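Below are the chains, spelled out letter by letter.
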Amino acid sequence: MSRVIQVFEYEKITIHKDSRERYLEPRELEKLYEFNDNNNNVYFTGIRDGIKFNNYVGVIQIGGLTIEILPKTDKNKGEDKDYEAWHGALLNMLKICKHINVNSVSEANLKRKHNSLLDLYFEMYLDEVQNLLRIGLIKQYRRDSSNVLALKGRLDFNKNIQQNLIHQERFYTEHQVYDYENLVNQIILKGLTILSNLTHNSVLNDRIVRLRSSFPEIKEIHIQKHHFDKVKENRKTVSYVKALQIAKMIILNYSPDIRSGQENMLTLLFDMNKLWEEYIYRMLLRSNRDDILVSFQNNQKFWEGRTIRPDIVLTKTTAGKTESYIIDTKWKVLDASNPKPSDDDLKQMYAYNLYWDSKRSMLLYPNSKEIEEKFGTYWKGRAEKEINECKVGFVNVLNHRNELDVEIGAQIIDKLID
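Predicted model only: the values in this text are computed from it and were never measured. (Residues numbered from 1 in each chain as written. Predicted model: local features only at pLDDT ≥ 70, side-chain atom pairs only at ≥ 80, totals over all residues. Heavy atoms only, no water.)

## Looking at the overall build of the chain
Then, number 1: Helix and strand content of the chain: 12 helices and 19 strands.
Then, number 2: Every one of the 418 residues in the chain was classed for burial, and the buried ones make up 48%.
Then, number 3: Long-range contacts, defined here as pairs at least 24 residues apart, represent 65% of the contacts in the chain between residues at least 6 apart.
Then, number 4: Taken as a whole, the chain presents about 23000 Å² of accessible surface, with 47% of it coming from carbon and sulfur. (Helix = DSSP H or I, 4+ residues; strand = E, 2+ residues; numbered from the N terminus. Buried < 20%, exposed > 50% of the residue type's maximum accessible area, 1.4 Å probe, protein only. Contact = heavy atoms within 4.5 Å. Areas by Shrake-Rupley, 256 points an atom, 1.4 Å probe, with all protein chains shown as cover.)

Written as structure tokens, this is what we have:
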């Protein structure tokens, strides 16, 4: 029997049922401990009889258990409507940042309350595989050594004597074959095989069975990271790009349980700091300001080969004169009663102002409350009477309908630029 658990960042879950009837089986907890140990303990923190999640969001599937880890911008205890709202917000954020194929995932799917994030990725993958089968899988030449009834290619004398001393009508040769037995098709097939071991969705399972039955007879191999490095994009493989991307995510994040076959595991986790940074960048692009250029992940040399890199640089051009403004995004909930940044963050913004010759910069945080914002002035680093300011800014991630706010680009620019 499958079950779905939804949690927010930094929530805890243990082997004991909580107020929302959420719990882990001991074997599931052991699998999570093992996974975290193999990944430098970045995804969550081990606690007594359980785990506490960190700043990674997404989904973990262990056997019949699916854990969805959702973002959140306040510290209030979550209600059902909060989980539903942030489930939809996360899916839309991934869609906008192009981690989910826009064409494959409809608005109806994104709003479906119980639609697992993994199911959406699985559905995308099956759509891509179905399309590849429709247009035809690619064939390539490969070298093959085998016994054949007609002499072709190069005869392997030693093996021919070993294997065909009695059956002299056969020839052991090394020859070229033009067929479907190539790496890209083997990767796609491996992705289907893993999905068949993972999904508990009957509709998806039915699609997987039909797609596998339509696949040509090819050898299934153990796929590792170095196999993806060997794949080169060319005219023949261009239609495989999206399917290979999703296959890579599925295959490299899959942890089969060799001992029991019961607790196979797949993880799809995103660093919320990076996702927030990319989301803000794309919202600024949507503002469509002709006088403002939005640049992402700029960098300059700083010290002994080291560089500094603000998240976003805005360049405003007015009457031939350009001015730079810096935004550094922070996915962190500040205390609304005392919303002050750390000294380290302020020193970092000070350096950005100097290196990009910027008069104003902003540390941008998510929040769900109205907080008074104002610029603070740095005392040194510019000529007398020059402006050198930094602001702590806040933006609501959800709008008044409790949905992801996709109109915040203009608000952010107004907070920073007069």
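Resuming the write-up.
## Some words on the environment of Glu323
Then, number 1: By the secondary structure assignment, Glu323 is in strand β16 (residues 321–329).
Then, number 2: The exposure class assigned to Glu323 is partly exposed, which follows from its relative accessible area of 25%.
Then, number 3: Taking the C-alpha atoms as reference points, Glu323 and Lys359, 36 residues apart in sequence, are found 8.0 Å from one another.
Then, number 4: Those residues in contact with Glu323, other than ones at most four positions away along the chain, are Leu314, Thr315, Lys316 and Lys359.

## What about the packing of aromatic side chains?
Then, number 1: Under the criterion given, the structure shown has 12 aromatic pairs.
Then, number 2: Here a set of aromatic residues connected by ring pairs shows up, and it is made of Phe35, Tyr43, Phe44, Phe53 and Tyr56.
Then, number 3: Positioned above the aromatic ring of Tyr23, the side-chain terminus of Arg3 is 4.4 Å from the ring centre.
Then, number 4: Above the face of the Phe375 ring, Arg360 is positioned so that its terminal group lies 4.1 Å from the ring centre. (Phe/Tyr/Trp six-rings, centres within 6.5 Å; stacked < 30°, edge-to-face > 60°. Lys NZ or Arg CZ within 6 Å of the ring centre and 35° of its normal.)

## Here's the deal with the sheet that holds strand β3 (residues 44–47)
Then, number 1: In space, the 3 strands of this open sheet follow the order β2-β4-β3, with antiparallel pairing throughout. The open sheet terminates on both sides in strands that have one partner only, identified here as β2 (12–14) and β3. On average, each strand axis in the sheet is inclined to that of its neighbour by 25 degrees, with strand direction left out of account.
Then, number 2: Inspection of the sheet shows β2 paired to strand β4 (residues 50–53) by 3 bridges, in the antiparallel sense. (Pairing = 2+ DSSP bridges. Axes fitted to C-alpha atoms, helices over the stretch in contact; angles between N-to-C directions.)

## Here's the deal with helix α2 (residues 80–96)
Then, number 1: Between its first and last C-alpha, α2 extends 25 Å over 17 residues, near the 24 Å set by a 1.5 Å rise per residue.
Then, number 2: A large share of α2 lies buried, amounting to 13 of its 17 residues.
Then, number 3: Lys98 lies just past α2 and shows a positive phi near 65 degrees. (Expected span 1.5 Å × (residues − 1).)

## With respect to the nonpolar core
Then, number 1: Among the nonpolar cores identified, the biggest contains 80 residues, and Tyr125, Tyr279 and Leu314 are the most heavily contacted of them.
Then, number 2: In this structure, Leu314 is in contact with Leu284, Ile292, Leu293, Val294, Glu323, Ser324, Tyr325, Ile327, Ile413, Leu416 and Ile417, ignoring residues within four places of it in sequence. (Core = buried A, V, L, I, M, F, W, Y, C linked by side-chain atoms within 4.5 Å.)

## Considerations on the packing of helix α4 (residues 117–135) against helix α9 (residues 241–252)
Describing two packed helices takes the angle between their axes plus the distance from one axis to the other.
Then, number 1: Packing of α4 against α9 leaves a shortest axis separation of 9 Å and a crossing angle of 140 degrees. What the angle tells us is that α4 and α9 run oblique. Note that α4 runs across α9; the crossing there is left-handed. Counting all contacts with α4, which are made through Tyr121, Phe122, Met124, Tyr125, Glu128 and Leu132, the residues of α9 involved are Lys242, Ala243, Ile246, Ala247, Met249 and Ile250.
Then, number 2: Of the residues in the contact of α4 with α9, the class split is 10 nonpolar, no polar and 2 charged. (Parallel < 35°, antiparallel > 145°, perpendicular 65-115°, else oblique. Left-handed = near helix turned anticlockwise from the far one by under 90°. Nonpolar A, V, L, I, M, F, W, Y, C, P; charged D, E, K, R; others polar.)

## Overview of the pairing of β3
Then, number 1: Of the strand pairs in this sheet, β3 and β4 are connected by 4 bridges, and their pairing is antiparallel. Paired with Thr45 across the two strands is Lys52, which belongs to β4.

## Digging into the side chain of Thr199
Then, number 1: Mapped onto the fold, Thr199 is located in the loop between α6 (183–198) and α7 (202–214).
Then, number 2: Dropping the residues within four chain positions of it, Thr199 is found in contact with Gln61, Asp119, Phe122, Leu204, Asn205 and Ile208.

## Some details on the environment of Arg3
Then, number 1: On the secondary structure map, Arg3 appears in strand β1 (residues 3–8).
Then, number 2: Linking Arg3 and Gly64, residues 61 residues apart in sequence, is a C-alpha distance of 6.3 Å.
Then, number 3: Look past the residues within four positions of Arg3 in its chain and what remains in contact with it is Tyr23, Leu24, Glu25, Glu28, Gly64, Leu65 and Thr66.

## Some remarks on helix α1 (residues 26–37)
Then, number 1: An ideal rise of 1.5 Å per residue puts 16 Å on 12 residues; α1 measures up with 17 Å between its terminal C-alpha atoms.
Then, number 2: Of the residues making up α1, those classed as buried are Glu28, Leu29, Lys31, Leu32, Phe35 and Asn36. Looking straight down α1, one finds its buried side chains confined to an arc of 160 degrees; they lie on one side. For α1, exposure combined with an orientation more than 90 degrees from the buried face picks out Pro26, Glu30 and Asp37. (Arc of directions from axis to C-beta.)

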